[in-house]
Amino acid sequence: MFSLEAIYYFFKKHLSIRDVVIILVIIGLYGAFRLINLDNWPIFSDEGIYIRWAQVAWKDASWRFISVTDGRQPLQTWGTIVFLKLFPQNALFAGRLFSVTTGFISLAGIYSFLFYLWGKRAAIIGALLYIFLPFTLLYDRFALVDSAVNAGCIWILFFSVWLARKQRLDTALLLGFIGGFALLAKSSSRMFLMLALFAPILYLKDSFKTIISKSINYGVLLAGAGVISLIFYNVQRLSPYFHYVAQKNTTFVMTLSEFMATPFAYAHNFRVIPLYIAWESGWFIIPFAIMGLYMFYKKDKLLAIYLSVFFIVPYIAISFFAKILFARYVLFMSSYVILGATYFFTQHRGKYLYHLLTLLFGSMIFINYSLLFNPAYVSLPPVDRGQYIEGATAVWGAKEFMEEVRNEAKANPVLIMAEGDFGLVGDVLRIFVQDGDAIQIDGFWPLDKEHLVKYQPRLKERTVYIVFSHREEFPDHWPMEFVRMYDKPIGDKALYVYKLTHAQ
């Protein structure tokens, strides 16, 4: 059974002082690359939603399942509350720390899995690849749940292999707990638990009788793990809005009836997914990953096939069924890029390996410089640049504007009329409001002249600002005057700030 003492003696036997120092260096590198300028990226509007949910849930326990009202699982909300308590004056930093933490769990999973499969050298190479890979670096720094999904995928894959080989009850229990947390992160994580059903592939070299016996034992243990995971998942039934989860899923995924009617409606995803993975990973690592997976297939066909199942089946399913597809939805596939590249590098030594690693890490560091210090020039697919940098959902200037308003509100209360409430600029601005601030934010969609006229009496007691993130044309007859504009680095989108006036 599970034993802390056994774990202690395992590490004592297999890890030297030098190994401990290397692990500490890896942790330090991870912290540096994830925390540098963490809150300098412009806030993405979805981040505003999730951080705002956490703020509400923190202050009012009756709203601990607030995310379920929009069909979202609550793990990110709950996890973010912890960081909001630690950093109440910087909600954006606190919200993004959730993903930094889940990214660290992914890093620990990569290191542990590779250590288990191929030893310390592979674990170190794989961990470094995870730290420097642009794909993981980007999404470990956003207040989004996809980093947690990636962590769930890695650990479920690891423990399914371990369970298939060892067939231990304690391993099944741990797999159940991991699966439960993964299901509380995002509904799509159930896919990884279902893929664990293919683990008996690892028994195909045994005799027929042994295959049947081991498969039955594994199936029973996996079923137990599945029950535990479902118990975790069904905690959401405490919310009267639980039924919204299923409804939300149909927004992103085709139902069976929709698929039968138009089976190839989203087949273009077959082309888009590899493009996203290669582009976000920095291109240069992809050939090493492909060669590494092929080399591993030649050495251990059954395990290579099982690992490939965790890539190929989601690739096919997402390609056919995903109505909406962004690169972050396939972040978990970056793990297979790391696995393949790691195996490739473990099979080479000497100057040849040194030169290849230098080229690879050099290319990733070149890309990562923009991610860390100059996001305006980072290389991303057009859809991601639109979301995070150039489009209306990338709210440049929100942090700076709210700091100015906070200083102004110390002398005179401020009311902000935001065009866009849920998931738009209203939610984004609200996360910057701190306890004690004399700032009120009211959201409208769309905002028109009647709203402005209605709020004119408020000018007697406070300053009223109007903020637009989507609108680009402003009628001259509206009772407001221009204050400032926060430009985006590229394109014609901007955050516009006006002040309400008494004009008719």
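Throughout, residues of each chain are indexed from 1 in the direction in which the sequence is written. For this predicted model, a pLDDT threshold of at least 70 governs which residues receive local features, and a threshold of 80 or more governs which side-chain atom pairs are given and counted, while totals over whole chains, interfaces and linings are taken from all residues. Note: side-chain values were computed over all heavy atoms of the structure, leaving out hydrogens and water.

Participant: Give a detailed account of the layout of surface pockets, specifying residues and quantitative values.
Facilitator: Both cavities and pockets are sets of points on a 1 Å grid over the protein atoms alone; in a cavity a 1.4 Å probe fits but cannot get out, in a pocket the set is open with protein on both sides within 12 Å along at least five of seven lines, and lining residues sit with an atom within 4 Å of a point. Grid points are joined across faces, edges and corners, and a volume is the space filled by probe spheres set on the points. One number sums up the size of the largest pocket: a volume of about 1200 Å³. Surrounding the largest pocket, 45 residues form its lining, Lys-186, Ser-188, Asn-249, Phe-252 and Val-253 being those nearest its centre. A run of DSSP states H or I qualifies as a helix once it reaches four residues; a run of E qualifies as a strand once it reaches two. Both are numbered from the N-terminal end. If you list the elements that add at least two residues to the lining of the largest pocket, you get helix 3 (45–59), helix 4 (75–86), helix 8 (146–166), helix 10 (190–195), helix 12 (243–252) and helix 16 (301–321). Under the scheme applied, nonpolar residues are Ala, Val, Leu, Ile, Met, Phe, Trp, Tyr, Cys and Pro; charged residues are Asp, Glu, Lys and Arg; polar residues are all the others, including Gly. For the lining of the largest pocket, the residue count by class is 25 nonpolar, 12 polar and 8 charged.

Participant: Just give me the short version of the packing of aromatic side chains, but keep the residues and values in it.
Facilitator: Between the rings of Phe, Tyr and Trp (Trp by its six-membered ring), a pair exists once the centres lie within 6.5 Å; its type follows the angle of the planes, with under 30 degrees stacked, over 60 edge-to-face, and the other angles tilted. Tallying each qualifying case throughout the model produces 53 aromatic pairs. Put simply, the rings of Phe-259, Phe-264, Phe-270, Phe-311, Tyr-315, Phe-320, Phe-321 and Tyr-336 pair up and form one aromatic cluster. Two conditions define a charge sitting above a ring: the NZ of Lys or the CZ of Arg must be within 6 Å of the ring centre, and it must be within 35 degrees of the ring normal. When the ring centre of Trp-58 is taken as reference, the NZ or CZ atom of Lys-59 above it lies at 3.9 Å. Above the ring of Tyr-297, the side-chain terminus of Lys-301 is found at 5.4 Å from the ring centroid.

Participant: Tell me what's going on with the pairing of strand 5 (residues 463–468), and back it up with residues and numbers.
Facilitator: Among the 6 residues that make up strand 5, 6 are buried, leaving the element largely enclosed by the rest of the structure. Any two strands with at least two DSSP bridges between them are considered paired. Two strands pair when backbone bridges link them, and strand 3 (residues 414–419) and strand 5 are joined in this way by 6 bridges, in the parallel orientation. Bridge pairing links Ile-416 to Tyr-465 in strand 5. Here 4 bridges tie strand 5 to strand 7 (residues 494–500), and the two strands are oriented antiparallel to one another. Bridging from a neighbouring strand, Tyr-465 pairs with Lys-499 of strand 7. Any residue under 20% of the maximum accessible area for its type is buried, any over 50% is exposed, and the rest in between are partly exposed; the area is computed with a 1.4 Å probe on protein chains only.

Participant: Lay out the pairing of strand 4 (residues 439–444) in plain terms, naming residues and giving numbers.
Facilitator: Strand direction decides the pairing type here: strand 3 and strand 4, joined by 6 bridges, are parallel. Note that in strand 4 the partner of Glu-419 across the bridge is Phe-444. Crossover handedness is defined by viewing with both strands directed away from the observer: a clockwise path from the first strand over the helix to the second marks the crossover as right-handed. Handedness of the crossover is the feature at issue here: the chain leaves strand 3, passes through helix 21 (residues 425–430), returns alongside strand 4, and the resulting connection is right-handed.

Participant: I'd love a proper account of the nonpolar core, names of residues and values included.
Facilitator: In these notes, a set of buried Ala, Val, Leu, Ile, Met, Phe, Trp, Tyr and Cys residues joined through side-chain atoms within 4.5 Å is what counts as a nonpolar core. Counting residues in each nonpolar core, the largest one holds 161 residues, and the members touching the most others are Phe-345, Phe-401 and Ile-416. Residue contributions to this core peak at 14 residues, all from helix 5 (residues 91–118). The contact criterion used is simple: two residues touch if any of their non-hydrogen atoms lie within 4.5 Å. The contact partners of Phe-345, leaving out residues within four places of it in the chain, are Arg-121, Ile-125, Phe-288, Leu-353, Leu-356, Leu-357 and Leu-360. Counting 17 residues, the second-largest nonpolar core is a separate cluster that includes Leu-447, Leu-459, Tyr-496 and Tyr-498.

Participant: Outline helix 15 (residues 285–299), supporting the account with residue identities and numerical values.
Facilitator: To estimate the expected span of a helix, subtract one from its residue number and multiply by 1.5 Å. Compared with the 21 Å implied by 1.5 Å per residue over 15 residues, the 21 Å span of helix 15 between its first and last C-alpha is a close match. Residues Ile-285, Ile-286, Phe-288, Ala-289, Gly-292 and Phe-296 constitute the buried set of helix 15. Down the axis of helix 15, the buried side of the element spans an arc of 155 degrees, and every buried residue falls inside it. Exposed residues pointing more than 90 degrees away from the buried face of helix 15 are listed as Ile-290, Tyr-294 and Lys-298. Buried positions along helix 15 lie against helix 5, helix 6 (120–132), helix 14 (269–281), helix 16, helix 17 (334–346) and helix 18 (350–373). Think of it as the arc spanned by the lines of direction from the helix axis to the C-beta atoms.

Participant: Give me the lowdown on the side chain of Ser-281, citing residues and values where you can.
Facilitator: Positionally, Ser-281 belongs in helix 14. For the purposes of these results, a polar contact is taken to be a pair of N or O atoms within 3.5 Å, where, inside protein, one atom must be able to donate a hydrogen and its partner to accept one; residues adjacent in sequence count only when each atom of the pair is a side-chain atom. There is a polar contact of 2.7 Å between the side chain of Ser-281 and the backbone oxygen of Ile-277. The residues touching Ser-281, leaving out its near neighbours within four places in the chain, are Leu-133, Pro-134, Phe-135 and Ile-286.

Participant: How would you sum up the sheet that holds strand 4? Please name residues and give values.
Facilitator: Here 5 strands make up an open sheet; going across it, the order is 4-3-5-7-6 and the pairing mixed. Both edges of this open sheet fall to strand 4 and strand 6 (480–487), since each of them pairs with a single strand only. Mean inter-strand twist for the sheet, computed between neighbouring axes without regard to direction, equals 20 degrees. Where helices are involved, their axes are fitted lines through C-alpha atoms of the stretch in contact, as for all axes, and angles between N-to-C directions lie from 0 to 180°. Against the sheet, helix 20 (residues 398–409) makes contact with strand 3, strand 4, strand 5, strand 6 and strand 7, and its axis sits at roughly 155 degrees relative to strand 3, the strand it touches most.

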